[in-house]
Amino acid sequence: MDRIRNFSIIAHIDHGKSTLADRLIQATDVVNERDFKDQILDTMDIERERGITIKSQTIRLPYKAKDGKEYVLNLIDTPGHADFTYEVSRALASCEGVLLVIDASQGVEAQTLANLYLAMEHDLEIIPVINKIDLPSADIDRVMGQIDEDLGLDPDKAVCVSAKEGTGVPDLLEAIVTQLPPPKGDPDAPLKALIFDSHYDPFRGTIVHFRVFHGTLSKGDAIKFMHNNASYKVEETGFFQIERKPKKSLSAGEVGYIIAGIKTVSDTRCGDTITLKSAPCDKPMPGFKEAKPVVFSSIYPVASDDYPDLAVALEKLKLNDASLTYEKDSSAALGFGFRCGFLGLLHLEVVQERLEREFDLSLLLTAPSVQYRINMSDGETLIVDNPALYPDPTLIESSEEPYIKAAIIVPDRYMGAVMKLCLDRRGNNLGYQYLTANRMEMTFELPLAEVIYDFYDKLKSVTQGYGSFDYEITGYKPSNLVKVDILINGDRVDALSMLVHKDNAVYRARHACDKLQDEIPRQMFKIAIQGAIGGTIIARKTISAYRKDVTAKCYGGDISRKRKLLEKQKKGKKRMKMIGNVEIPQSAFLAVLKTDDE
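Residues numbered from 1 in each chain as written. Predicted model: local features only at pLDDT ≥ 70, side-chain atom pairs only at ≥ 80, totals over all residues. Heavy atoms only, no water.

1. Side note on the domain arrangement of the protein
Okay, step 1: Under the domain assignment used here, the protein contains domain 1 (4–179), domain 2 (192–276), domain 3 (295–366), domain 4 (373–479) and domain 5 (483–593).
Okay, step 2: Placing a centre on the C-alpha atoms of domain 1 and another on those of domain 5 gives a separation of 57 Å. (Domains from an automatic or database assignment.)

2. A few points about the environment of glutamine 517
Okay, step 1: If you trace the backbone, glutamine 517 turns up in helix 11 (residues 502–519).
Okay, step 2: Along the backbone, glutamine 517 and proline 447 are 70 residues apart, and their C-alpha atoms lie at a distance of 30 Å.
Okay, step 3: Non-local contacts of glutamine 517, meaning those with residues more than four positions away in its chain, are made with Ile529, Lys541, Thr542 and Ile543.
Okay, step 4: Within the local environment of glutamine 517, its side chain forms a polar contact with the backbone oxygen of threonine 542, the two atoms lying 3.4 Å apart. (Helix = DSSP H or I, 4+ residues; strand = E, 2+ residues; numbered from the N terminus. Contact = heavy atoms within 4.5 Å. Polar contact = N/O pair within 3.5 Å; in protein donor to acceptor, adjacent residues only side chain to side chain.)

3. So, the UniProt feature "binding site: GTP" (unreviewed entry) in the protein
Okay, step 1: Here the UniProt-annotated "binding site: GTP" (unreviewed entry) positions come out as Asp14, His15, Gly16, Lys17, Ser18, Thr19, Asn131, Lys132, Ile133 and Asp134.
Okay, step 2: In this structure histidine 15 comes out as buried when scored by relative accessible area, which is 1%.
Okay, step 3: Leave out the neighbours within four places in its chain, and histidine 15 touches Val101, Ile102, Asp103, Gln106, Gly107, Glu109, Thr112, Asn131 and Lys132.
Okay, step 4: Secondary-structure assignment places asparagine 131 in strand 5 (residues 125–131).
Okay, step 5: By relative accessible area, which is 2% here, asparagine 131 ends up buried.
Okay, step 6: In contact with asparagine 131, not counting residues within four places along its chain, are His15, Gly16, Val101, Ile102, Asp103, Ala104, Val161, Ser162 and Ala163. (UniProt positions renumbered as here; feature names shortened; annotations may be inferred. Buried < 20%, exposed > 50% of the residue type's maximum accessible area, 1.4 Å probe, protein only.)

4. What about the side chain of glutamate 96?
Okay, step 1: Tracing the sequence through the fold places glutamate 96 in the loop between helix 3 (85–93) and strand 4 (97–103).
Okay, step 2: In this structure glutamate 96 comes out as buried when scored by relative accessible area, which is 13%.
Okay, step 3: A polar side-chain atom of glutamate 96 sits 2.8 Å from a polar atom in the side chain of arginine 211.
Okay, step 4: Leave out the neighbours within four places in its chain, and glutamate 96 touches Asn6, Leu124, Glu125, Pro181, Pro182, Pro183 and Arg211.

5. A short note on the nonpolar core
Okay, step 1: Membership of the largest hydrophobic core comes to 48 residues, with the highest contact counts inside it found for Leu355, Ile408 and Val418.
Okay, step 2: No other element matches the 6 residues that helix 10 (residues 448–462) contributes to this core.
Okay, step 3: Shared between two domains, this core holds at least three residues of each, these being domain 3 (295–366) and domain 4 (373–479).
Okay, step 4: Apart from residues no more than four positions distant in its own chain, leucine 355 is found in contact with Ile299, Leu310, Ala313, Leu314, Leu317, Asp360, Leu361 and Leu363. (Core = buried A, V, L, I, M, F, W, Y, C linked by side-chain atoms within 4.5 Å.)

6. Description of a negative patch on the surface
Okay, step 1: Together, Asp148, Glu149, Asp154 and Asp156 make up a region of like negative charge exposed at the surface.
Okay, step 2: By the secondary structure assignment, glutamate 149 is in helix 5 (residues 140–149). (Patch = residues over 30% accessible without salt bridge, like charges linked within 9 Å, V, L, I, M, F, W, Y side chains within 5 Å. Areas by Shrake-Rupley, 256 points an atom, 1.4 Å probe, with all protein chains shown as cover. Salt bridge = Lys/Arg side-chain N within 4 Å of Asp/Glu carboxyl O. Lys, Arg positive; Asp, Glu negative; His and termini not counted. Charge placed at Lys NZ, Arg CZ, Asp CG, Glu CD.)

7. Some thoughts on the sheet that holds strand 18 (residues 325–331)
Okay, step 1: Strand order in the open sheet formed by 4 strands is 18-19-17-20, and the pairing between neighbours is antiparallel. Both edges of this open sheet fall to strand 18 and strand 20 (363–365), since each of them pairs with a single strand only. Across this sheet, the average inter-strand angle for adjacent strands is 30°, counted without regard to direction.
Okay, step 2: In this sheet, strand 20 lies alongside strand 17 (residues 295–301) in antiparallel orientation, the contact comprising 3 bridges. Across the sheet, residue tyrosine 300 finds its bridge partner in strand 20, namely leucine 364. (Pairing = 2+ DSSP bridges. Axes fitted to C-alpha atoms, helices over the stretch in contact; angles between N-to-C directions.)

8. With respect to the sheet that holds strand 1 (residues 4–11)
Paired through their backbone hydrogen bonds, the strands of a sheet run either parallel or antiparallel.
Okay, step 1: A sheet is described by the order of its strands in space; here 6 strands give the open sequence 2-3-1-4-5-6, paired in mixed fashion. The open sheet terminates on both sides in strands that have one partner only, identified here as strand 2 (57–64) and strand 6 (159–160).
Okay, step 2: In this sheet, strand 3 (residues 70–77) lies alongside strand 1 in parallel orientation, the contact comprising 6 bridges. If you follow phenylalanine 7 over to strand 3, its bridge partner there is leucine 75.
Okay, step 3: In the packing of helix 5 onto the sheet, the strands contacted are strand 4, strand 5 and strand 6, and the crossing angle to strand 5 comes to about 160°.

What follows is the structure in structure tokens.
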């Protein structure tokens with residue numbers, strides 16, 4: 001066991017985690033040059049295109065150190081985005097140490113700190129790694145200062161590397177062996193292993209990634225998952241070296257996979273504990289949580305006959321992505337669809353892209369919303385995420401919405417702009433502190449509903465790309481909610497309804513009416529587009545009718561001749577309006593979701 005090192009790579013988005021993993025894989029000759037490709041651990045097309053990691057990946061690296069001994073390094077590459085924090089925390093629970101990667105030109109950012117605190121909670125040994133030292137804008141001394149002041153780590157232990165060019169990677173491998181502790185555990189104790197990820201293989205079922213803490217797991221063992229009490233028989237066990245390499249048994253300290261005829265990924269929970277059915281361990285590993293969706297949106301097929309295909313596609317996607325939840329939904333304007341729950345906006349985008357790509361569907365999404373808590377006057381509490389299910393306002397005692405605590409790290413010259421952005425979003429400033437002479441961390445309390453809309457993009461633009469942002473959900477607070485309906489010629493369009501805070505209702509209703517006015521084509525009769533709260537109209541736009549010049553043939557003559565013709569035309573228009581109906585184009589639904597540029 002003292003020849004095993006389990007470690008993970010954590011960093012802010014785009015600081016070079018996957019590139020560093022590539023270099024470590026090449027340095028230990030796991031993959032020959034011919035089969036190697038960049039971001040070799042990222043398997044999905046979307047991951048490679050956007051340069052983000054969505055699923056954590058593991059790989060076992062054999063390494064011969066300078067002391068002549070053979071070591072086994074188990075590397076877990078983690079996602080960098082705040083949506084997937086729970087996955088990162090489970091990956092960290094299965095390690096003894098981490099490499100905290102910091103970009104030499106950007107320095108310490110919000111998720112660098114957030115991930116550092118996660119690693120400290122798990123009491124891990126931390127090696128700071130300064131990456132991208134080949135860049136002309138790299139400032140290593142400044143970053144060394146930040147490691148000392150912001151992170152409170154020893155800058156002398158930091159390893160400088162350029163993951164792109166491979167500089168400093170041999171020193172890093174030595175540091176992993178010398179600075180990180182070996183795993184502890186008893187191979188003869190009852191089996192106790194932690195699931196930190198799983199993925200679906202169409203031929204073998206679910207493949208569970210896990211780390212053994214105590215005991216030994218062998219092929220043919222009868223095992224039990226402690227949180228959902230399911231029992232299985234192990235068909236194959238082994239470890240990952242890009243491909244799966246079978247091995248008879250895995251004992252304490254090792255990281256690997258099992259195949260046990262598990263049908264779907266949702267049968268295995270990330271953070272669950274595996275033990276033997278015959279000799280279970282006394283208690284499960286701590287820290288297990290159910291993955292809870294945060295952002296909700298309805299997905300509809302553009303052509304309503306694609307509904308059965310969408311149902312099949314979601315079912316297949318759920319096999320691979322256990323944190324996605326969905327249920328059936330229908331709308332008068334858009335037909336049948338599904339109400340889905342996501343971990344965050346990035347997760348929503350990824351799911352939408354995967355459905356459109358892998359299953360060749362064209363989709364429409366409604367405005368994303370969060371789960372509101374509504375206390376009724378008869379004492380009942382409802383959880384509502386869909387405006388269509390919002391109860392009668394006269395029966396509501398009070399309503400609450402989820403709040404987050406956001407940590408925003410910016411250069412101090414952007415303090416005013418960020419302050420204005422957060423206060424416009426109904427934020428509450430909890431304080432700020434200077435991390436270095438000109439960088440500060442600002443803490444805000446914000447309603448989650450204001451953040452899911454387009455907060456991240458706006459933050460990046462007001463700080464010219466220097467702002468970084470990390471958040472955690474803190475709980476529910478009282479709020480003054482109203483349901484805004486959009487009426488077209490007096491008819492409600494249910495797919496455009498939204499739940500908003502009363503102060504923002506007029507602005508959001510006007511914005512929707514403006515967008516619809518641009519998108520809906522003119523008809524032979526007037527079209528009124530209105531935003532309403534209950535029976536009160538709060539915004540209106542009118543699309544004027546096409547008109548024929550009926551008085552063109554009159555020249556001279558009495559005014560009553562003209563008036564007679566205009567009255568006749570008016571009657572015709574009125575009759576037409578009674579029987580005419582307005583087709584809303586697909587682009588109008590999308591336009592309402594986009595915010596203005598100002």
